[in-house]
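Next come the chains, spelled out residue by residue.
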Amino acid sequence: MTLSTIFTESVSIAVSTQKRTLLYRSRFIVKATYFSILLILLCKQSIAQNSRFVSGTVKDTSGVALPGVAVAFANNQTGTYTDSDGKFTVQVRKNTKHLSFSFIGFATVEAAIPESGDMTIVMKEAANQLDEVVISVGSRASQRTLTDTPLPIDNVAVKDLQSTGQLTFDKALQYRVPSFNTVQTPVNDATSLLDPYEIRNMGPSRTLILINGKRKNSSALVYTQTSPGRGESGADISAIPMDAIKRVEVLRDGASAQYGSDAIAGVMNIILKDNTDGGSVTMRTGITSKGDGKMVGISLNNGVNVSDKGYINYTIDLSKVGLANRPGTVDAQGEASDFGADINDVKAFLAIKPDAGNINGSPETTASKFLVNGGIDINEHTELYYNAAYVYKKVNSFANYRTPYWRPTDYGLLTPAGEPYLGYRPTFDGDLNDYNGTIGFKTNKNGWNTDVSFTTGGNRQLYTVSNSLNRNTAGLTDSEGNLLYRERSPIIFRAGGYSFSHNVGNIDVSRSISEKVNIAFGSEFRSENFEIIKGDLASYEAGGADSFAGNSAENSFKSNRYNFGGYLDVGVDLTKDFLINATGRYENYSDFGDAFVYKFSSRYKLLDDKITLRGSISTGFRAPSLHQINVQKTQYGFVPGQGIQVSGLVNNVSPQAKLIGVPKLDAERSANFTLGIGAKPSENFNLTIDYYNIKVNNRIVLGNDIGPSGNPDANLDKVLASNNIVGLSFFVNALNTRTSGIDLVASYKNIALGSGTLRFNLAGNYTLKNKREGSVKNPAIIAEAGQTVLNATQEALMFTSRPKYKAILGADYTLGKFNFILTNTVFGPTKFRNAGMNENLQVEFLTKVVTDLGIGYQFNNTISATFNVNNIFNVLPEWKFVALNAEGDAILNNPDAVKVQSNLVTFNQRYSRMTYDGYHFSQLGTTFSMALNVKI
């Protein structure tokens, strides 16, 4: 049997397999729909057999009926709403003891259900309920309400996240917290598994993520492409199912003294649901206005009591999001110039594929998420608590299409026999496994509160490249025509991946010494492990797989470290209005040494608590991650004007780094200052404004590629040439930065409008300063050669590629069983200096307003539905060139010169909407989604 016959049969098998896969998927969707309908019917039958109806009336203290009051079970899941006469009827389980009644502007009422007869509920006017939520972040000495805390904290309820209509937790936060930003990157290889996010433009690694107050593990991925978060890694918050979340606390202040490394920009604490009185099944579906990006998902959240001493709440979330593609129309002249191709050959190909076969948008993603949260009383003083989560995510994406004038042959490996060769499109598949778990004991005895816990977590990513080949082994022959390699290149490559895990032990003790003094102290021990997983031999040898080279054997190894820390926290209420808090923390790391940080914060109330002044000053640190210390690899990336180029990333302890004098990484050090004012002149209106100023010294960056300077007498050129190094990049403590800005949060509620109530919310973030201070700290040999590790592109990526300002204005109107939410999100301008672009120009993304509409309807006490239209007006990112001087003006006055520059920054218009990087919100346009919720 010939190779051609084998290949032809393989293609036939592959096509057949694809057809079967589509058939299986269709059958799966039909079965899932049937299962969902059957589940609803079974749930309704079970409820009918084990429930009864309760009726009543809700009034205010004056006896006036209150329409639109939410009648909920003990788990805060709404059962129904009162009608225009304040009356309600709700179906409850026979063992349900209480109902909860909540309404904007009134204090929530918990009432026992009578054995017989109707209920009469009287509600009193009160402050905003969110103002009185006891928060967990801010001080280790004591928990305080939002009105008491000396620090700026966002408290976001899960219903506010779900109302955005966004599919994942990180994207929902983007449209609720103005200082939080995230984007969905285009073709960026492993970055497609989880998108980078950041608070206050500080990068993903400077926000500490907690789950129920315990540190969540970092992702195994370090972003190495020219994308937001370059050179950093963060926890995969997109993996957390929203239906498992009770609320989210976002502390917008440096908190290294309280929580340790990574808390320079702030802390996000994700509080899990702990309800036990039933749950719900939610079915979701959605699609973009272009007809792609189809989504289907089902989620189950439920909670039950464990005897009469404990509880368990669990969530299962299964989803699939289809590919969405927004390619540009590729420019033939730019292609011919970049690839040195005949213009006629380029035009002939683009006539068949105007987008050059490129797929540019959001990848196909399948996810399975499981989470459990529970606790049980051991005795009257001690509770055992636990939570655990496991997430599997598979992402199918694509590399840039290899056109025939770019790759003139596939050596007969990818094109079916008898068909003309038209190039090929490598695929990139990622398999992500993420887990975390905590078990601990809380004891309250003799006034002492003790919390002892153990937390473990990990993230593992494996990559597969398909429909590609190793060009250097595919057809390489000797002078006699014999293959230099025993076998031809494979077309599927296991490229290896990365793994990160940690184990954390915590002891936290607190006590109220008196009515005015609270103390807390504790310690943490953490061990971390990072592994670079080797790929198949063919994935990295002789250049590796085309589009994404695997991890080589010499670059694959395991590393670990440990650290120990302790803290002391003291809070003193000098008067009922004046609070001061002080915290000190010491840490010791096995790989770089010690760190000591502190924090002082204060709050003063005026005018019967209507005005609150608050502020803090602190120092912080961020330890270099194991990823940054150890990762090294061969990398493919787009270089404007040159297409896809190969570069090398070496770690700081490698021989190559030592040759050019790269020092070992040290910790970043920060100094934070915040000052704010809160105003609550009435029960319906509140406002907070906070100024922040963050200085970071020795900030770690992944520098740009360093190659020969062109001067053969330069020491750098001599070292590179003598060691056969073409170019390399590395991590280095390269600079000091200053970031400052203003956060604003305002709410006006309980506005009577017709038979309903209206609430307005405004939140905004404005960046006053985000820039480098002082010169770049280049290794001496690089500085002598006139080169730098931080060029204009990397500097723009760090400081100006996120919105200058962002504001969220929302209106929430409740009318009986209807709820309407209209939100406008203003994304301010971003600026970027694309690599290869003329130095007299920069790219600026224009300010845009994205409008979202959500409509909710409560059919009865069991079934509710929501419909969302995100980005109603199909607003897309839009950019323009901006001249930096007279030379730039001259370029902009020349259409041909502008076209050349445009091709440079968009890879010849492949990324015409986003210029490949620097954009600030999704390019997918209008999307529609619907969710059906059934209580069980």
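Residues numbered from 1 in each chain as written. Predicted model: local features only at pLDDT ≥ 70, side-chain atom pairs only at ≥ 80, totals over all residues. Heavy atoms only, no water.

Looking at the element boundaries, S397 is found in strand 23 (residues 382-398). Looking at S397, the relative accessible area reads 10%, which means it is buried. Once residues lying within four places of it in the same chain are set aside, the contact partners of S397 are S192, P363, T427, F428 and D429. (Helix = DSSP H or I, 4+ residues; strand = E, 2+ residues; numbered from the N terminus. Buried < 20%, exposed > 50% of the residue type's maximum accessible area, 1.4 Å probe, protein only. Contact = heavy atoms within 4.5 Å.)

Bridge count between strand 1 (residues 51-60) and strand 4 (residues 87-93): seven bridges; the pairing is antiparallel. Looking across to strand 4, one finds that T57 is bridged to K87. (Pairing = 2+ DSSP bridges.)

Further remarks concern the packing of helix 5 (residues 332-339) against helix 6 (residues 343-352). As a packed pair, helix 5 and helix 6 sit with axes 9 Å apart at the nearest point and diverge in direction by 130 degrees. Here helix 6 runs oblique to helix 5, going by the angle between their axes. With respect to the hand of their crossing, helix 5 and helix 6 are arranged in right-handed fashion. In this structure, helix 5 uses A332, Q333, E335 and A336 to contact helix 6, whose residues at the interface are I343, V346, K347 and L350. (Axes fitted to C-alpha atoms, helices over the stretch in contact; angles between N-to-C directions. Parallel < 35°, antiparallel > 145°, perpendicular 65-115°, else oblique. Left-handed = near helix turned anticlockwise from the far one by under 90°.)

Across a sheet, strands are paired by hydrogen bonds formed along the backbone, either parallel or antiparallel in direction. Taken in spatial order, the five strands of this open sheet run 10-15-16-13-14, and their pairing is mixed. Two strands bound the open sheet, and with one partner strand each, they are strand 10 (153-157) and strand 14 (214-215). Looking at chain direction, strand 13 (residues 207-211) and strand 16 (residues 266-272) are connected through five bridges and run parallel. Its bridge partner being in strand 16, I211 is matched across the sheet by I270.

Okay, unusual backbone geometry next. The residue N446 is not glycine, and still its phi comes out positive at about 55 degrees. Position of N446 among the secondary structure elements: in the loop between strand 24 (427-445) and strand 25 (448-466). For N446, a relative accessible area of 66% gives the class exposed. Phi is positive for N908, close to 55 degrees, though the residue is something other than glycine. Of note, N908 is situated in the loop between helix 15 (895-906) and strand 45 (927-935). Of the residues examined, N908 reaches a relative accessible area of 1% and is grouped as buried.

The next point concerns the pattern of salt bridges. In the structure shown here, the tally under the stated rule is 38 salt bridges. As a salt-bridge pair, R910 and E335 come within 2.7 Å of each other at their nearest N and O atoms. Of this pair, R910 sits in the loop between helix 15 and strand 45 while E335 sits in helix 5, and the two are 575 residues apart along the sequence. The class for R910 is buried, based on a relative accessible area of 1%. Judged by relative accessible area, which is 0%, E335 ranks as buried. Between R561 and D591 there is a salt bridge; the shortest N-O distance is 2.9 Å. With R561 in strand 28 (residues 558-573) and D591 in the loop between strand 29 (578-589) and strand 30 (593-606), this pair connects stretches of sequence that are 30 residues apart. Assessed through its relative accessible area of 4%, R561 is described here as buried. Linked through salt bridges whose partners overlap, the residues forming this network are E524, R526, E528, R561 and D591. (Salt bridge = Lys/Arg side-chain N within 4 Å of Asp/Glu carboxyl O.)

Grouped together as the largest cluster of nonpolar side chains are 29 residues, with contacts concentrated most on L193, F428, Y463, Y498 and F731. Breaking this core down by element, the ones donating at least two residues are strand 24, strand 25, strand 26 (492-512), strand 27 (517-533), helix 9 (626-630) and strand 35 (685-702). The element best represented in this core is strand 26, accounting for four residues. The contacts of L193, once residues within four sequence positions are left out, are K393, V395, F428, G430, D431, L432, Q461 and Y463. Counting 25 residues, the second-largest nonpolar core is a separate cluster that includes V158, L161, I237 and M268. (Core = buried A, V, L, I, M, F, W, Y, C linked by side-chain atoms within 4.5 Å.)

What follows deals with the confidence of the model for the protein chain. Parts of the prediction with low pLDDT should not have their coordinates interpreted in detail. Here the protein chain shows a mean pLDDT of 86. Residues at 70 or above account for 88%. Least confident of the elements in the protein chain is helix 1 (residues 3-49), whose mean pLDDT is 43; most confident is helix 14 (residues 886-892), at 97. Every residue in residues 39-44 is under pLDDT 50, and counting partners more than four places away or in other chains gives five contacts. Contacts of residues 636-640 to residues separated by more than four positions or lying in other chains number 24 contacts, the stretch itself having pLDDT below 50. (pLDDT = per-residue confidence, 0-100.)

For the rest of this paragraph, the subject is a nonpolar patch on the surface. Together, Y604, L606, L607, L613, I677, I689, I742, Y766 and L768 make up an exposed nonpolar region whose accessible area comes to about 740 Å². Breaking the nonpolar patch down by element, the ones donating at least two residues are strand 30 and strand 37 (756-773). Note on placement: Y604 falls in strand 30. For Y604, a relative accessible area of 37% puts it in the partly exposed group. (Patch = residues over 30% accessible without salt bridge, like charges linked within 9 Å, V, L, I, M, F, W, Y side chains within 5 Å. Areas by Shrake-Rupley, 256 points an atom, 1.4 Å probe, with all protein chains shown as cover.)

Attention now moves to the sheet that holds strand 7 (residues 119-123). Reading across from one edge, 4-1-7 is the order of the three strands in this open sheet, with mixed pairing throughout. What marks the edges here is a single partner per strand, and that holds for strand 4 and strand 7. Strand-to-strand, the axes of this sheet are offset by a mean angle of 35 degrees, without reference to chain direction. Taken together, the five bridges between strand 1 and strand 7 define a ladder with parallel strand orientation. Its bridge partner being in strand 7, D60 is matched across the sheet by M123.

A few words now on the packing of aromatic side chains. The final tally for this structure, using the stated rule, is 28 aromatic pairs. Relative to F592, the ring of Y589 has its centre 4.8 Å away and its plane inclined at 25 degrees; by these criteria the two rings are stacked. Residues Y589 and F592 agree in their burial class; the two are buried. Considering the side-chain rings of Y857 and F859, the 5.0 Å spacing of their centres and the 80 degrees angle between planes classify their relative orientation as edge-to-face. Through successive ring pairs, a cluster of aromatic residues spans F339, F349, Y401, Y405, W406 and F907. The aromatic ring of Y692 is capped on one face by R200, whose charged end is 3.7 Å from the ring centroid. (Phe/Tyr/Trp six-rings, centres within 6.5 Å; stacked < 30°, edge-to-face > 60°. Lys NZ or Arg CZ within 6 Å of the ring centre and 35° of its normal.)

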